[in-house]
Structure formats: structure tokens, C-alpha cells
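# Descriptive structure summary
As a plain string of letters, each chain reads:
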Amino acid sequence: MITRPQNPTTLTLLFSLKGSIIPAIWRKVLFTVLISSAVVAIHGTLLSFKFSLTATPFTLWGLTLAIFLGFRNTVAYQRFWEARTLWGEMLIVCRNLTRQTLSLLPALPREQRRPLANGLIGFAYLLKHQLRGTAPGAEVAPFLDADTQAALGKQNPPSALLGRLAERYLAAARQSGASDVAQMNIDQQLTRLSYVLGGCERIKGTPIPYPYILLLHRTVHVYCFLLPFCLVDSIGWFTPLAVCILAYTFFGLDALGDQISDPFDTQPNDLPLDAMCRNIEIAVLELLDEPAPAPLQPVEGVLL
């Protein structure tokens, strides 16, 4: 996730590359500008044939394209925000379970509380790797013991670990003599984690329909490539500048929608799952009065 600078100046907003979509689209924009320059150089004439396009179809076409881009980006942002809500829910549940371990299971020995907390932290890290399609690394190892390591061999490690966590929490509740109501409250929190897992899997496994994306990509490219033939007779050598601005707008909106439609990826505008997992780790360990690591900091304006 790109972090916003505090109190940015006008020059920073206009010319900063950090936090901009330019690195993802500059090649397309440059290619469009080169085409515009070539069209101006030949005055819109190709093989002795004068291409003359009026502004009317481009006005209607541009309006329709803007509506389609706006709709697709709205859908993409809804996916992004739902994913952020689910991870926020997971942080709340991990805090609740840790707090309930302390308050509802006071007879539970201290050495048995830490493995329960480690399971919650491990669940967050395993879910992150499941969503990103990466293999769990050394960051997960401290939170998995010999029993929960078996989850790594399953097709869905977070789900397997959650099942083992449920058994451990309910066994600890019975051991400490917790009431049926307390056990039910703990199970409800674990059920919320299951909903978080299922919600994230739904977003990851159901992308925006590909034909819609393909149609949008093709339309944006054709519009930007034909636009110089509409402007060359009216604004002459200012055509590349006008096309550059419009191409930046349309290509930028298109690329931004692509990035946030999969919020679990590692592109600059996606969710900072590494930082979110670290925040869960900090929250759980601090509730147990255990040493906690420092929060992750942005690297060159990007929080991973």
C-alpha cells in the first residue's frame, strides 16, 4: 500500500512518482505520444489518404468509456474495501480471543496461553501466504509447534490450523473449568475467523469476469490510438500533449482498477498484508505482556 506524505505540496502532488500509477503505464503513454507525433508529422495522411475524424464520435465514445471505467473501478474498490474489512475483523477477533483467554480462563497456566496466542498469529501469516500463493517462510515457524506444523501439509493450511485451534481452545476452556457460556463465546470468535477465511477465499477465487476486462482494455487502447486523428487538424502540434493527458487518465484508471481488483497481491496499491500480520502479532503479544516486535515501516513510500 502506498503511504500518503504528510501535507504534500503542489509540486509534490504534480511531479512525485512515489504513490503514482505512472511507473505502471508510462510505456503505454509514451507509445501513444509517439503515435500522436507521427500523426502530426504526416498531417493525418497515410498512403495519400487523409484520415479526418470529427470530435463527435470521440466525445460520445469517451463518455461511455469513462462510465465503464468508473463502474469497473467501483467494483474493484468494493473488493479492496471488503478485503480490508475482513482483515480488520481478524485483528478484532484475535484481540478478543486473547482477552477472553485471560479473563474467561483465569485458571489456565501462563505457559499454555502462549501456544494459543501463537496459533492466532500463525493463522494470520498462513492466510497471507495462502492468498498470495507463496510458501510460508521462516516468519511462520516461531508460531507453529510440532502439532500445528501438520497444517502446512494440507491443501488449505489456514483452515487446518483453525480446526486445530478450535480443539485447543475448547480443551483449555474445559481444563480451566469455564462455563458453557464462556465456551460458546470463544467458539463464536473462532467462527468469525472462519467467516474471514471464507470471505478472503471468495474474493481471491472470484475475479472480475475476464471478457469484461478484455473489452475495456481493447477499448481504451483503440480510443487513445485513434484520438490523434481527431485532434491534429484543430490543435496541430499540441496534439501529443492533449493525447498524453487523456492517455494518462484512461490508462491510469485502467491500471489502477487492475491493481486493486486483487487486493491480496503485492503491487503498490494492494493491501499491506505483511504489515497487517505484524500488527496482529503486536496486538496479541502485548495483551499477554510478552515482548512484541516493532511495526513495519514503509520502504520508499510503499508499505508491504
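The rules behind these values
- Residues numbered from 1 in each chain as written.
- Predicted model: local features only at pLDDT ≥ 70, side-chain atom pairs only at ≥ 80, totals over all residues.
- Heavy atoms only, no water.
- Core = buried A, V, L, I, M, F, W, Y, C linked by side-chain atoms within 4.5 Å.
- Buried < 20%, exposed > 50% of the residue type's maximum accessible area, 1.4 Å probe, protein only.
- Helix = DSSP H or I, 4+ residues; strand = E, 2+ residues; numbered from the N terminus.
- Contact = heavy atoms within 4.5 Å.
- Axes fitted to C-alpha atoms, helices over the stretch in contact; angles between N-to-C directions.
- Parallel < 35°, antiparallel > 145°, perpendicular 65-115°, else oblique.
- Left-handed = near helix turned anticlockwise from the far one by under 90°.
- Nonpolar A, V, L, I, M, F, W, Y, C, P; charged D, E, K, R; others polar.
- Salt bridge = Lys/Arg side-chain N within 4 Å of Asp/Glu carboxyl O.

## Some details on the nonpolar core
Among soluble globular proteins, nonpolar side chains are generally buried collectively. Counting residues in hydrophobic clusters, the biggest one holds 52 residues, and the most contacted among them are W87, M90, L127, L193 and F264. Mapped by element, the contributors of at least two residues to this core are α3 (55-103), α4 (110-132), α5 (157-175), α6 (180-205) and α9 (273-287). When residues in this core are grouped by element, the largest group, 10 residues, is from α4. If sequence neighbours within four positions are ignored, L127 has contacts with W87, M90, P158, V196, L197 and C200. Among the nonpolar cores identified, the runner-up in size contains 19 residues, and V29, L216, Y223 and F250 belong to it.

## Details of the packing of helix α2 (residues 22-41) against helix α8 (residues 239-261)
The description of two helices packed together rests on the angle between their axes and the distance between the axes. Contact geometry of α2 with α8 gives a least axis separation of 8 Å together with a crossing angle of 150 degrees. As far as their axial angle goes, α8 and α2 are roughly antiparallel. For the pair α2 and α8, the sense of crossing is right-handed. Residue-level contacts link I22, A24, I25, K28, V29, T32, V33, S36, S37 and V40 of α2 to T239, P240, V243, C244, A247, Y248, F251, G252, A255 and Q259 of α8. Its residues assigned to classes, the contact of α2 with α8 shows 13 nonpolar, six polar and one charged.

## So, the packing of α3 against α4
Two elements in contact, α3 and α4, have axes whose closest approach is 9 Å; the angle formed by their N-to-C orientations is 170 degrees. When the interaxial angle is binned, α3 and α4 end up roughly antiparallel. For the pair α3 and α4, contact is made by W87, M90, C94, L97, T98, T101 and L102 and by R113, L116, L120, F123, A124, L127, K128 and L131, respectively. Residue classes in the contact of α3 with α4 are distributed as 11 nonpolar, two polar and two charged.

## A word on the pattern of salt bridges
It is possible for side chains bearing opposite charge to pair when their charged atoms get close. This model, assessed by the stated rule, comprises 15 salt bridges. With a shortest N-O distance of 2.7 Å, R192 and E89 are connected by a salt bridge. Here R192, found in helix α6, pairs with E89, found in helix α3; they are 103 residues apart in sequence, far enough to count as distant. Note on R192: relative accessible area 26%, which makes it partly exposed.

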